[in-house]
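Residue-level listing of the chains:
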Amino acid sequence: MKIKIAWIGKTKAPAIQTLTDEYLKRLKHYAEIDGVVLKDESSLLKLCGTGARPVRHALVLLDGRGRQLSSEEFAKWLGEYQDRSSAPLLFAIGPADGFGDDARRAATLVLSLGKMTLAHELARVVLLEQIYRAFTILKGHPYHLGH
């Protein structure tokens, strides 16, 4: 499975970059994964493959108004996606003012990490941890249960 994690804007906090790098490293055991910094939403849509790009990505937007899933439900969604599609997944954490209508229309899934508002950089780390947790759930690894 191929996954890209995209975020708009440069990382300001060194601790966030350290955690991002740690989870990307952990995830490489389960998927081909990369993190990418984007300038703006139009860069995201180009990366998503909404034009005539040879590789189309299935876009998952993170948005507070999106669908809320438990860790187990997210793992099930990820596993089912992996079983039914070969298209790479593109998870996107947006700008402070959220995503526009074009990105929302292009999305396969609009996902919320919960009702509380998170700083965008922190949301990235939470997303990476949940993707890692989802793979450990799917593989039966004890990480999820805290053993």
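Cut-off values and rules
- Residues numbered from 1 in each chain as written.
- Predicted model: local features only at pLDDT ≥ 70, side-chain atom pairs only at ≥ 80, totals over all residues.
- Heavy atoms only, no water.
- Helix = DSSP H or I, 4+ residues; strand = E, 2+ residues; numbered from the N terminus.
- Contact = heavy atoms within 4.5 Å.
- Buried < 20%, exposed > 50% of the residue type's maximum accessible area, 1.4 Å probe, protein only.
- Polar contact = N/O pair within 3.5 Å; in protein donor to acceptor, adjacent residues only side chain to side chain.
- Pairing = 2+ DSSP bridges.
- Right-handed = clockwise from strand over helix to strand, strands pointing away.
- Core = buried A, V, L, I, M, F, W, Y, C linked by side-chain atoms within 4.5 Å.

Looking at this structure, how should I read the environment of A87?
Within the fold, A87 resides in the loop between α3 (71-84) and β4 (89-93). Sequence spacing of A87 and V125 is 38 residues, and the spatial spacing of their C-alpha atoms is 23 Å. When residues no more than four places from it in sequence are discounted, the contact partners of A87 are R56 and Y81.

Please explain the side chain of T136 as it appears in this structure.
The topology assignment puts T136 in helix α5 (residues 120-139). Judged by its relative accessible area of 0%, T136 is buried. A distance of 2.7 Å separates a polar side-chain atom of T136 from the backbone oxygen of R133. Leave out the neighbours within four places in its chain, and T136 touches Y30, H141, Y143 and H144.

Would you explain the pairing of strand β1 (residues 2-8) in this entry?
Two faces, one strand: in a regular strand the side chains alternate between the faces of the sheet. Note: β1 against strand β2 (residues 32-38), seven bridges, orientation parallel. The partner of K4 across the bridge, within β2, is D34. In this view, the connection linking β1 to its parallel neighbour β2 by way of helix α1 (residues 14-27) has right-handed handedness. In this structure, β1 lies alongside β4, joined through five bridges in parallel fashion. In the sheet register, A6 faces β4, and the bridge partner there is A92.

So what exactly am I meant to see when it comes to the nonpolar core here?
Grouped burial of nonpolar side chains is what soluble globular proteins tend to show. Core analysis: the biggest nonpolar cluster contains 30 residues, and I3, I5, W77, L89, F91, I131 and F135 have the highest contact counts within it. Elements that contribute at least two residues to this core include exactly β1, α1, β3 (58-68), α3, β4, β5 (107-112) and α5. Top contributing element to this core by residue count: α5, with seven residues. Filtering out sequence-adjacent residues up to four positions away, I3 remains in contact with A31, E32, I33, D34, L89, F91, I131 and F135.

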